[in-house]
Every structure is written in C-alpha cells, then in structure tokens.
Amino acid sequence: MSYLCHLKQKLTIEMIQEAIIIFNINYRTKENQKMYVVGSIPELGEWQTAEAKEMMCEGDGFWKLSIETQAHEIAYRYLVIGSGETIHEPWRRQHAVKLDSSRPVCYLFDYWQPVPPDAALYSAAFAKNLFARHDLTHDYENIDGHLIIKTLCPYVERNQSLFISGNRDELGNWNPEFAKEMICKNFPEWEIRLNVNEIIFPFEYKFLVADVTRQCCRWENGENRLLSNLPEYLNVTYIISEYPFRDAPPNWKGAGSVIPVFSLRSENSFGIGDMRDVKLLIDWAKQTNQRLIQILPVNDTTSTYSKTDSYPYSAISTDALHPVYISLSDMGDLNRTRQASLFQKKQKALNIQQKVNYESVLKHKIQYCRTYFKQEREQILNSESFQSFCRNNQTWLEPYAAFCYYRDKYRTADFTQWNKHAVYNPLHVQKLCDKKNNTAWPRISFIYFLQFAVHTQFKKVSIYARERGIILKGDLPIGISRTSVEAWMETSYFNCDMQAGAPPDFFSATGQNWTFPTYNWEVMEKDGYAWWKKRFRTLSNYFDCFRIDHILGFFRIWEIPLDYVQGLCGHFRPALPFSIEEIEFAGFEWKDHFLKPAIQPGQLTRLFGAMAGEVVEQYLELDGAGLLGLKPLCNTQQKINQLFTNPSLSMNDKMIRDGLFWIANEVLWIEDPYEKNKYHPRIHASQSLRFEELSGKEQMAFQKLHDDFFYERHNDFWKSMALRRLTPLVDCTDMLICGEDLGMIPKPVQEVMNELHILSLELERAPKTSEVVFTDLQSVPYLSVCTTSTHDMNPLRAWWKEDTLRRQLYVQTVLCGKPDNLKYRAFDPGMETPDNCTPELAELIISNHLNASSMLTIIPLQDWFALDETLNQMDAESERINIPDNPNHEWNYRIPITLEQLLQSKDLNRKIRKMIEKSGRSVKMS
C-alpha cells in the first residue's frame with residue numbers, strides 16, 4: 001500500500017489517538033547532505049542533534065517528514081547534516097505549531113529561515129515593548145476548512161494591523177477596503193485562516209499594513225506571492241509559513257537618556273536614586289517623546305561598606321541587586337513614631353547633599369530595612385510572594401546569602417581569608433541557610449528579604465516601562481569582582497592569577513587595570529557558556545535591551561599580571577605570540593635584557609630631575625648590562641604602590657612613585673605566560689626610553705613587528721573567537737543587544753557585530769578611524785547607538801573646556817560645516833570660540849546627534865541639562881561620573897534638581913520634545 005493511500009485510510013478513522021504532522025520544506029542541499037528536523041518533543045529528539053529525524057527527499061529540493069505524536073504544541077528547527085558538518089538555520093527563531101484537536105492531521109509548509117535584514121525589530125525592545133500588541137483577544141469565526149497562512153511583520157504600530165489581499169473575491173481583489181485582517185496571537189507573527197472549500201486555486205496575494213479605518217499605510221515590496229494548490233485530504237489543517245513581510249529597509253529611529261540610578265534625585269529618595277525614581281524618569285521620558293532609558297549596572301557591589309563600593313562595575317554577584325536602590329517609601333512605613341522621625345531627619349539631611357554620600361546612605365538605608373523587617377518579619381516570611389521568590393531563585397540566592405554572611409563574619413569579602421569556608425562547599429552553605437539554624441537564620445532571612453524587596457520593586461519598574469512604551473536598557477559588565485560569589489563558588493571559570501583591563505587609549509595613556517579576574521573561556525565553552533547564558537537570563541527579568549560592556553573582551557581581553565598596577569605591560573589573550581625565530585627573521589636582534597625593566601643611567605634626570613641621586617641610592621641598582629633596574633623592595637608596581645600609600649603625598653613623592661612606575665614598564669618584550677619562549681611586543685613601546693636605545697634599523701624592525709602584532713596578525717583568529725563565544729549567547733536571548741566597542745578596536749569587530757545584529761556605539765569625539773578627527777554622524781551604521789558622551793568621559797559642558805585647540809577645530813570643521821574634517825591643515829588656531837558651552841551650542845550639538853543615521857541616539861542626562869541655563873549653575877567638571885585612569889575615583893554624581901522639578905520644567909521639556917520630533921525620532925503609537 002502506498003504512503004498516500006495509507007494516510008487516506010488513517011484519516012477516515014473517526015477516533016484518532018495521535019496527531020499526524022507532515023513537515024515540508026524546500027531547500028537545495030549539497031551532495032552527501034540531508035535535511036533533518038529537531039524539536040521539543042521526544043519524536044523530534046528533544047533538541048538533541050544526534051536524535052534529529054531525517055527527512056525524505058522528494059526531488060528538486062523538496063523534503064518531507066511524517067511523525068505521529070500526542071503533543072499539543074511543538075517547537076522545532078531544520079538542520080542540514082552531511083559532509084562532516086551540521087548546518088543550522090541562520091536565524092535563531094524557532095518554528096512552532098499548536099495542534100487543533102478537531103483536525104488530527106497537520107500539513108506544514110515551511111521555509112529555511114535566513115536572518116531578516118530587520119532582525120533588530122524582532123527583539124524584545126520592539127516585539128514586547130514598542131510594537132507590542134496588548135489586545136490579542138481576536139479569534140477566528142467557525143470556519144469549515146483550515147488553511148492557515150502565517151507571516152512575520154514587527155513594524156506595525158499599535159493603531160495598525162496586518163492584512164492580506166489578492167486576486168480572489170475572498171481576499172478583496174486587491175482592494176484594501178475588502179482585504180482580510182490577520183490575527184496576531186504571538187506578536188510579531190500574524191496569521192489568517194481561510195476556507196479551502198471556498199477559495200479557488202491557484203491564487204496570488206500580498207500583505208499590507210493598514211490602520212483601524214482600513215486606510216492602507218504600505219504594501220509589502222516585491223512580486224505577488226502564489227499558492228498553486230494543496231493536497232486534498234480530509235480533516236487536515238494546512239499551515240503555510242510565508243517569508244516575512246517584505247518591508248523597505250528599516251528606518252525606525254528613537255531617542256533616549258542614560259544616567260546611573262544612583263545619580264537620580266527625588267523628593268522621597270534617601271540621598272541616592274532608587275527604584276521609585278526610575279519610574280519618575282520613565283514618566284519624564286514619555287513626556288518628552290523619548291523611547292528609551294539606559295541605566296548603569298545595579299548589582300550588589302558591597303565588599304567593604306565604604307565609598308570604594310560605589311563602583312558599579314565590580315559586582316559581588318551577577319544575580320543579586322544592590323539593596324541601596326530599594327525605595328524605602330514604597331517598601332513601607334515604620335510603626336514607631338520616634339524611629340520614623342529619626343529616619344525622616346536623616347533622609348532630608350542626605351537628600352539635600354550635592355553628591356552621594358555612599359557610606360552614610362548605605363548604612364542608614366540598611367538600618368531602615370532591618371527595622372522594617374523586624375517589625376513585619378512574620379508576615380513577610382509567611383507570605384507566598386516571598387516564599388515563591390526564594391524557591392525560584394534558590395540556586396543563586398543561597399550562595400549569595402552565605403557569601404554576605406561570611407563577609408560580615410570575617411570582616412572581609414576576600415574569601416581566601418575565611419579559614420575553613422575559603423573553599424566553597426555547597427553542603428555547608430545549605431546547612432548555613434537552613435531555617436532550623438537558629439544562629440544564622442535571622443541574618444540569612446534578612447539578606448533574602450533585601451533581595452526580595454529590591455527585585456519586587458525593580459520588576460514593577462520593568463512592567464511600568466513596558467506599559468508606557470519605554471525601553472529599559474541595562475548594562476552587562478565585562479568582569480566580576482575577584483572577591484565575589486562567582487569567584488568563590490565557580491573558580492574553574494576564572495583566572496584569578498591575572499587581571500583584566502584595557503590597553504592604552506584615549507581614556508588612559510597607561511591603560512586601564514580593572515583588577516577583575518580574566519575568564520577561562522576553554523572551560524566555559526565545554527558547558528555551552530552556561531554561566532554567560534544565565535547572566536543574559538537574569539538581565540531579561542528586567543530589561544528589553546542591554547549593553548555589553550567592553551564587547552572587545554569577547555574577541556580578546558587585555559590581561560595584566562597581578563604585580564602590575566597600570567596596564568601598559570599587559571598582553572592580549574588569546575593571542576599568537578612571536579617566537580624568537582620570527583622576531584629575528586623580521587630583522588630585530590633578540591636580547592634577553594629587553595624582557596627586564598631597566599633604563600640607561602643617562603635617562604634618570606628625565607624622570608626624577610634633581611632627585612635622581614636620591615632615587616638611585618634608595619630604589620635602583622645596576623645590572624650586568626650597565627642598566628639601572630629596580631631593587632627587590634620595589635621591583636613590581638604593586639610593591640612601589642605599597643611604598644607610597646599616604647593619600648597626602650608630596651609632589652616629590654608623587655614624582656618618585658610615577659618615575660618608578662615608568663621604569664617598571666620599561667621593557668620591549670613580554671613573555672607569554674602560557675607558551676614558553678613566545679613573546680608579545682610591549683604595546684606603545686615606541687614611547688619608551690628603551691626604544692630610544694635602538695638603532696634606526698632596529699626601531700623600524702620592532703615597529704613593523706609591533707604594528708603587525710596589534711593591528712593585523714590576529715584579525716581572523718579573534719574573529720573566530722568572537723563568533724564562537726557570542727553566537728550561542730546572542731541566540732539565547734530576545735533582548736536587543738548593544739555593544740560598547742570603544743578603545744583599541746580590532747578590524748573584525750564591526751563585521752562580527754553586523755553579522756550578529758549587535759548595535760555598535762558611535763561617538764562624534766571618538767572616531768574609530770585615525771583618518772578623521774571627528775566622526776561623521778551621517779555615516780554611522782544604522783545598527784548603532786549614537787551618543788554625545790559616556791560615563792567615562794567629560795559631559796558636553798566639561799568637554800568644551802577640556803581642550804581649547806580641539807574645541808576650535810570642532811567649531812570650524814563640524815559646527816561651521818567646513819569640509820575639512822580629514823586633516824588639520826586648514827585649521828585656523830586664531831578662530832575665536834565661546835569659553836563655555838552655551839545652551840544654544842548644546843542644542844546644536846545634540847540636534848546633530850539626533851539627526852545621525854543611527855537607530856538610537858541616547859543622550860546623558862547631564863547633556864540634556866546643558867540646554868537650560870538655569871541648570872548650568874553646577875560646576876561643569878562635577879558632572880563627570882567616572883575617571884578611568886583613577887582607580888580610586890568615587891562614583892557620586894547626582895542630578896542638580898529633583899525628578900519632580902524636572903517633570904515640571906516646561907521650557908526644557910518642550911525644547912527636548914521639539915528637537916526629537918524635528919529629528920524624526922518621535923514615533924507616535926496609540
């Protein structure tokens with residue numbers, strides 16, 4: 001009996017226990033390759049590639065597979081296997097089908113899913129926020145004969161819908177007024193159900209977007225679609241999955257603001273921004289036609305309870321939120337009047353301060369929370385919401401609570417000092433966190449409560465943002481603190497004998513040392529990057545969009561030995577270091593002393609001036625090559641740092657310290673710590689004193705090796721590393737991903753980010769090519785975020801004062817529109833420019849950024865304030881949030897007015913609203 005006859009016989013049986021699904025796809029494979037289906041049910045291998053089901057080739061690229069299942073919903077994907085490789089569909093979106101119990105046979109016609117050019121519009125930022133449909137209650141009328149045509153179309157505003165029209169009466173004969181409206185049950189997927197008995201085959205059709213009055217907004221591009229015929233079976237549901245709506249290249253643009261939560265100020269905040277303040281900021285964004293709010297990391301950073309914990313990129317947990325952001329006014333009131341009055345006085349005293357007093361704020365907010373918890377303890381612990389939170393988050397909550405408990409017990413977050421608890425033991429942690437542990441449970445339960453409170457408030461903020469059509473954008477730090485929960489419990493993921501940082505760039509001439517441990521990517525790859533995927537899932541609890549801090553770290557990281565303070569003597573990892581044979585083949589004579597930090601005696605006065613003799617006597621010694629090296633008491637930068645710990649160093653002491661730091665960097669080559677007898681050129685060694693010792697021929701040979709190493713040698717290698725690491729991570733989330741790709745940028749970075757649809761970061765004052773002085777904002781990629789400054793830079797007003805010559809060049813080449821940005825030769829240094837960035841200048845600069853070709857323009861709140869003379873009373877330099885080359889910098893900036901006042905700033909808000917509307921970044925959706 002033939003397969004078709006057998007199928008017809010089965011369809012005549014009235015009571016069928018299992019559904020029959022017939023998968024169909026047209027895809028031309030190469031020789032020795034076959035098509036497979038893998039999916040969420042046992043019959044399709046439960047996502048195990050080795051258990052995928054082979055399809056039958058029916059010729060001319062048509063493949064078919066029939067299965068029987070009792071499942072009601074199925075997710076699946078197609079694979080090509082053969083010739084020693086497995087090829088997945090390029091787009092991460094899964095196919096899905098929900099079976100109709102009244103029609104036990106489902107005939108699926110699918111397509112191989114390429115990544116659509118507008119893939120960013122399918123992200124949560126659009127599909128779950130800006131374009132989200134909140135009225136998905138439509139359903140079909142009772143139609144006898146099931147032909148379902150599905151397509152994808154994300155760019156449909158909330159007062160619009162997708163329609164289908166074609167060359168049949170049932171489809172309106174190309175008249176939009178009589179087109180069939182499609183139903184959207186799972187945005188951005190649209191479908192229409194037609195009666196196969198009433199429509200004449202073949203027929204042509206197209207999709208169109210129309211408003212509630214059926215006024216056509218736009219037809220899709222391209223030729224008409226054609227449905228020739230269908231197999232004629234009884235009780236069959238036919239599902240045609242069409243290629244997505246063929247739209248014009250995406251042109252949606254939005255504007256937003258960026259500010260750390262700690263910088264917010266409201267009438268009710270406690271000396272620092274909190275979750276309630278974020279809601280007010282969202283209200284302001286909505287009022288001014290903005291579409292996005294970006295914040296800095298909000299994870300717990302509490303290591304010392306001091307101002308050093310104000311650094312938001314050094315979290316002690318990738319899951320735990322910082323309790324300092326709890327809104328006390330939203331949490332609840334204290335019953336005791338005297339206690340409430342004391343806290344109210346402290347709140348007022350802290351809230352009027354110009355900057356965040358981190359230590360005092362944290363101390364008093366935790367005291368308030370502890371008092372409230374003591375008051376409401378039984379009710380909180382017995383509540384279903386609290387217990388549910390603890391159950392759902394147990395895997396990270398218990399280790400985090402134990403970490404906090406031991407940190408306070410041993411008075412240090414350095415877990416290596418925790419005696420018998422220095423090594424993570426899950427059984428000990430479980431015992432510590434047991435409710436029956438009368439000694440520890442009061443403290444543990446309070447830690448649980450803090451996380452429950454801040455999570456609950458933040459989740460409400462997230463929902464609040466979505467309801468108002470405001471994208472909430474988070475921040476994923478590239479590193480974690482070496483004294484963190486993760487470093488304690490998941491040690492195999494980290495190289496704690498190294499430090500992560502960044503090579504020298506416009507942020508810091510000596511590089512940046514973040515002190516974080518570097519990652520053991522080889523171990524992470526073995527479990528499919530589960531640790532990173534967990535971090536992405538945590539962010540998705542609150543955000544529809546996020547920024548990957550220092551995305552260059554996924555290509556390679558700048559790794560610095562533990563005995564260095566600065567970043568100059570770091571090296572890239574992974575890397576392809578030189579052998580001595582390669583170095584000498586390039587014309588550079590190898591000498592071992594180029595590995596040891598030292599200088600010629602004649603160079604001393606350049607570093608130490610009149611103190612040279614004193615420095616030689618105390619800190620330096622001659623080596624066998626006649627060079628001056630560092631004595632054992634100061635032969636590393638960490639030792640030098642310990643010799644000069646006084647915060648009130650004299651100018652002479654600072655000169656000595658900095659000079660010794662310089663000598664510690666005086667090497668030409670750095671030995672690779674992982675491959676013996678392999679070497680890295682020291683970055684920017686041409687600026688060193690040792691480089692001056694070389695002959696002209698040696699200098700040329702070294703510089704050629706240096707430039708090849710840092711700018712050419714690793715391009716393909718680092719591209720493959722980034723794709724191996726980033727691809728599975730991008731595939732595991734539906735959030736819109738942005739990357740911070742500033743600094744020393746390898747050539748393949750833009751290529752990889754484009755391939756993975758990751759938005760780049762573009763700054764006018766920090767071009768990504770040395771050929772221009774300022775970035776042409778009209779030429780930045782559409783898939784990018786354009787901004788006037790970052791938290792590591794001076795905001796507009798301070799930048800204007802930073803460099804007079806650069807300011808003059810900016811006015812001449814950018815603001816005055818002279819086509820001279822490529823070179824300095826036509827620059828007129830005598831051109832007068834205003835000493836201050838006036839509101840008129842700020843408006844011009846910000847307007848240029850709003851008119852950029854980028855998808856998003858995100859302006860720091862300080863730069864929006866530059867538009868208003870009344871908000872410019874604060875010293876411009878005090879608006880800066882971070883100074884990268886100062887590891888002791890305190891993150892304490894606060895906005896100068898309350899958010900309530902900002903909401904009432906009619907002139908400023910009107911100006912911002914008009915600027916955004918004029919730029920075309922104000923998409924109105926009802």
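Residues numbered from 1 in each chain as written. Predicted model: local features only at pLDDT ≥ 70, side-chain atom pairs only at ≥ 80, totals over all residues. Heavy atoms only, no water.

Visitor: Could you give me a rundown of the packing of aromatic side chains, with the residues and numbers involved?
Guide: Per the stated rule, a full pass over the model turns up 73 aromatic pairs. Between phenylalanine 201 and phenylalanine 203, the ring centres sit 5.5 Å apart and the planes meet at 50 degrees, which makes this aromatic pair tilted. When its relative accessible area of 21% is taken as the criterion, phenylalanine 201 is described as partly exposed. Note on phenylalanine 203: relative accessible area 0%, which makes it buried. (Phe/Tyr/Trp six-rings, centres within 6.5 Å; stacked < 30°, edge-to-face > 60°. Buried < 20%, exposed > 50% of the residue type's maximum accessible area, 1.4 Å probe, protein only.)

Visitor: Outline the pattern of salt bridges, supporting the account with residue identities and numerical values.
Guide: In this structure the tally under the stated criterion is 37 salt bridges. When the shortest N-O distance is used, the salt bridge between glutamate 384 and arginine 391 registers 2.9 Å. Residues joined in a network through salt bridges with shared partners are Glu220, Arg225, Glu242 and Arg246. (Salt bridge = Lys/Arg side-chain N within 4 Å of Asp/Glu carboxyl O.)

Visitor: Go over the environment of leucine 867, please, and point to the residues and values.
Guide: For leucine 867, the position within the fold is in the loop between helix 26 (861-865) and helix 27 (899-903). Considered as a pair, leucine 867 and serine 919 are 52 residues apart in the sequence and their alpha carbons are 16 Å apart. With near-sequence residues (within four places) excluded, leucine 867 lies in contact with Pro839, Ala842, Glu843, Ile846, Leu908, Lys911, Ile912 and Met915. (Helix = DSSP H or I, 4+ residues; strand = E, 2+ residues; numbered from the N terminus. Contact = heavy atoms within 4.5 Å.)

Visitor: Could you give an account of the sheet that holds strand 22 (residues 494-502), naming the residues involved and the relevant values?
Guide: Within the open sheet, the four strands sit side by side as 23-22-25-26. Their pairing is antiparallel. The open sheet has two edge strands, strand 23 (512-519) and strand 26 (571-573), and neither has a second partner. Across the sheet, the mean angle separating the axes of adjacent strands is 50 degrees when strand polarity is ignored. Here strand 25 (residues 557-561) runs beside strand 26; their pairing, made up of three bridges, is antiparallel. Counterpart to tryptophan 558 in the pairing with strand 26 is phenylalanine 572. (Pairing = 2+ DSSP bridges. Axes fitted to C-alpha atoms, helices over the stretch in contact; angles between N-to-C directions.)

Visitor: Tell me what's going on with the pairing of strand 35 (residues 784-787), and back it up with residues and numbers.
Guide: Side chains of strand 35 alternate between two faces, with Ser784 and Cys786 and Val785 and Thr787 buried alike. When strand 34 (residues 760-763) meets strand 35, the two strands line up parallel, connected through four bridges. Within the sheet, the bridge partner assigned to glutamate 762 lies in strand 35 and is cysteine 786. In this sheet, strand 36 (residues 856-860) lies alongside strand 35 in parallel orientation, the contact comprising two bridges.

Visitor: Help me get a handle on helix 10 (residues 441-467), residues and values and all.
Guide: Taking 1.5 Å per residue, 27 residues should reach 39 Å; helix 10 reaches 38 Å between its end C-alpha atoms and fits that length. Within helix 10, 19 of the 27 residues are buried, which leaves it mostly tucked inside the rest of the structure. Phi for glycine 469, located one or two positions after helix 10, is positive at around 70 degrees. (Expected span 1.5 Å × (residues − 1).)

Visitor: Give a detailed account of the nonpolar core, specifying residues and quantitative values.
Guide: If you look at the biggest cluster of nonpolar residues, it comprises 237 residues, and the most contacted ones within it are Phe449, Trp532 and Trp669. By residue number, the principal contributor to this core is helix 10, which donates 14 residues. In contact with phenylalanine 449, not counting residues within four places along its chain, are Met331, Cys369, Tyr372, Phe373, Ile380 and Phe386. (Core = buried A, V, L, I, M, F, W, Y, C linked by side-chain atoms within 4.5 Å.)

Visitor: Now, about the packing of helix 13 (residues 530-540) against helix 21 (residues 715-730): what can you tell me, with residues and values included?
Guide: Running from N to C, helix 13 and helix 21 cross one another at 40 degrees; their axes reach a closest spacing of 10 Å. Classified by the angle between their axes, helix 13 and helix 21 sit oblique to one another. Crossing handedness for the pair helix 13 and helix 21: right-handed. Contact residues: helix 13 offers Trp532, Lys533 and Phe536, while helix 21 offers Pro728, Leu729 and Val730. The residue inventory of the contact of helix 13 with helix 21, partitioned by class, reads five nonpolar, no polar and one charged. (Parallel < 35°, antiparallel > 145°, perpendicular 65-115°, else oblique. Left-handed = near helix turned anticlockwise from the far one by under 90°. Nonpolar A, V, L, I, M, F, W, Y, C, P; charged D, E, K, R; others polar.)

Visitor: Residue-level account of the side chain of aspartate 274, with values.
Guide: As for its placement among the helices and strands, aspartate 274 is situated in the loop between strand 19 (254-258) and helix 3 (275-287). Apart from the residues lying within four places of it in its own chain, the contact partners of aspartate 274 are Val261, Ser269, Tyr325, Ile326, Ser327 and Lys365.

Visitor: Describe the pairing of strand 8 (residues 95-98), naming the residues involved and giving the relevant values.
Guide: By the alternation rule, side chains of strand 8 split into His95 and Val97, which are all buried, and Ala96 and Lys98, of which none is buried. Inspection of the sheet shows strand 6 (residues 73-82) paired to strand 8 by four bridges, in the antiparallel sense. Within strand 8, the position partnered with tyrosine 76 by the bridge is histidine 95.

Visitor: Could you give an account of the packing of helix 6 (residues 358-381) against helix 10, with specific residues and numbers?
Guide: How two helices sit against one another is set out by the angle between their axes and by the gap between those axes. Where helix 6 meets helix 10, the axes come as close as 10 Å, and the angle between the chain directions of the two elements is 100 degrees. The orientation of helix 6 relative to helix 10 falls into the category roughly perpendicular. Along its contact with helix 6, which presents Ile366, Cys369, Arg370, Tyr372, Phe373, Arg377, Ile380 and Leu381, the element helix 10 presents Trp441, Pro442, Arg443, Ser445, Phe446, Phe449 and Leu450. Here the residues of the contact of helix 6 with helix 10 sort into 11 nonpolar, one polar and three charged.

Visitor: Can you lay out the state of the cysteines for me, pointing to particular residues and giving the numbers?
Guide: All told, the structure shown has zero disulfides when counted by the stated rule. Unpaired in terms of disulfides, cysteine 216 finds its nearest cysteine sulfur in cysteine 217, a separation of 6.6 Å. Of the cysteine sulfurs around cysteine 569, a residue in no disulfide, the closest is that of cysteine 634, at 15 Å. Its relative accessible area of 2% is what places cysteine 569 among the buried residues. (Disulfide = S-S within 2.5 Å.)

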